[in-house]
Amino acid sequence: MATVEKIVNKSGETVYKVSVTSGRSRRIKKTWKPNPAWSRRTTERELAKFAAQLENDLAAGQIVTRKEKAALEAQRAAEEAKLLTVKQYGQGVFIPSKRITASEKTVYSYKWTFEKYINPALGDLRLQDVTGAQITAFLLDYQATGAAHSSVVRLYAILNSFFKMAYMDGTVGTNPMDRVQRPTPRKDELQRQGPEAYTEEQLAYILDCLKGEPLKWRAYISLLCETGLRRGECLALQWNNIDFQALEVTVAATLGYTPERGGLPGHPKVKQEPHRGHHPRHRWPSATA
């Protein structure tokens, strides 16, 4: 069924807006402009022809409604997204999303990991084609280069976050990381595992070696040893973070680094209580205090 509305456009011309509907609530609107030289009867006849043709084309599926066009465009965009490679999804979706939720240092680290390791091995593969076996082989190859277990686990964690995002947004139908086991240490790493902290003797030797170094390095290393601060937390300290009367150091910021930006101020990972005297996790011998 067609409805016709006669209007005058912005140019002062008389035109007709023809609206046609068919089954399944399909509706299309077209503007029809008559020849100014036509008589009223000719205009009515040609307008009726135009409306009838519009109805027939809509019923035959030869005309796509605005709603159908939007649905087709959305479907086409979804299909194109499924053709994304690991590299394309990483550059276009994953890394940009991390710029919103992570620190600049973390974003740089993710970007560097993709460029250095992930893209050369998996970058040209379509996301939907990547299998758990391929990822496992990639991680094992990386581990076989002698990479530390912590580095292998970190690579695993990045891939896990990457494919989880692709799965959650519908880019892939299944998550290949569901079939990838978390890496375990190599045999040689298990054999040489030991305490991660310096012994009292090692620490005494380090502090003794500092005696001939500039004051700034003596203060820096001594503060790290006495408090257990992270490197970035120590580098970000300001004079107002130190209470010489109470012998307390308050961690209020941290300092990271990337080659692109240099030093990057940030916030500590957890809320820190003031450090007073020795750090509670360590007890240094009195000779080194």
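Quick note: structure is the one above.
Residues numbered from 1 in each chain as written. Predicted model: local features only at pLDDT ≥ 70, side-chain atom pairs only at ≥ 80, totals over all residues. Heavy atoms only, no water.

Enquirer: Would you explain the state of the cysteines in this entry?
Expert: Taken as a whole and assessed by the stated rule, the structure comprises zero disulfides. Lacking any disulfide linkage, cysteine 225 is separated from the closest cysteine sulfur, that of cysteine 234, by 9.9 Å. On the accessibility criterion, cysteine 225 (12% relative accessible area) is buried. (Disulfide = S-S within 2.5 Å. Buried < 20%, exposed > 50% of the residue type's maximum accessible area, 1.4 Å probe, protein only.)

Enquirer: Please clarify how the packing of helix α3 (residues 86-101) against helix α4 (residues 104-122) should be interpreted in this entry.
Expert: Between two packed helices, both the angle of their axes relative to each other and the distance between the axes serve to describe the pair. Running from N to C, α3 and α4 cross one another at 170°; their axes reach a closest spacing of 11 Å. If you check the angle between α3 and α4, you find them roughly antiparallel. For the pair α3 and α4, the crossing hand works out as right-handed. On α4, the residues that touch Val86, Lys87, Gly90, Phe94, Ile95, Lys98 and Arg99 of α3 are Val107, Tyr110, Lys111, Phe114, Ile118, Asn119 and Leu122. Residues belonging to the contact of α3 with α4 are distributed by class as follows: eight nonpolar, two polar and four charged. (Axes fitted to C-alpha atoms, helices over the stretch in contact; angles between N-to-C directions. Helix = DSSP H or I, 4+ residues; strand = E, 2+ residues; numbered from the N terminus. Parallel < 35°, antiparallel > 145°, perpendicular 65-115°, else oblique. Left-handed = near helix turned anticlockwise from the far one by under 90°. Contact = heavy atoms within 4.5 Å. Nonpolar A, V, L, I, M, F, W, Y, C, P; charged D, E, K, R; others polar.)

Enquirer: Please clarify how the pattern of salt bridges should be interpreted in this entry.
Expert: Two side chains of opposite charge can pair, provided their charged atoms sit close to one another. Following the criterion strictly, the structure yields seven salt bridges and no others. With its nearest N and O atoms 3.0 Å apart, the salt bridge here joins arginine 40 to glutamate 44. With arginine 40 and glutamate 44 both in helix α1 (residues 40-59) and four residues apart, the pair spans about one turn of that helix. Of the residues examined, arginine 40 reaches a relative accessible area of 63% and is grouped as exposed. The class of glutamate 44 is partly exposed, set by a relative accessible area of 44%. Residues joined by salt bridges that share partners form a network here, namely Arg45, Glu46 and Lys49. (Salt bridge = Lys/Arg side-chain N within 4 Å of Asp/Glu carboxyl O.)

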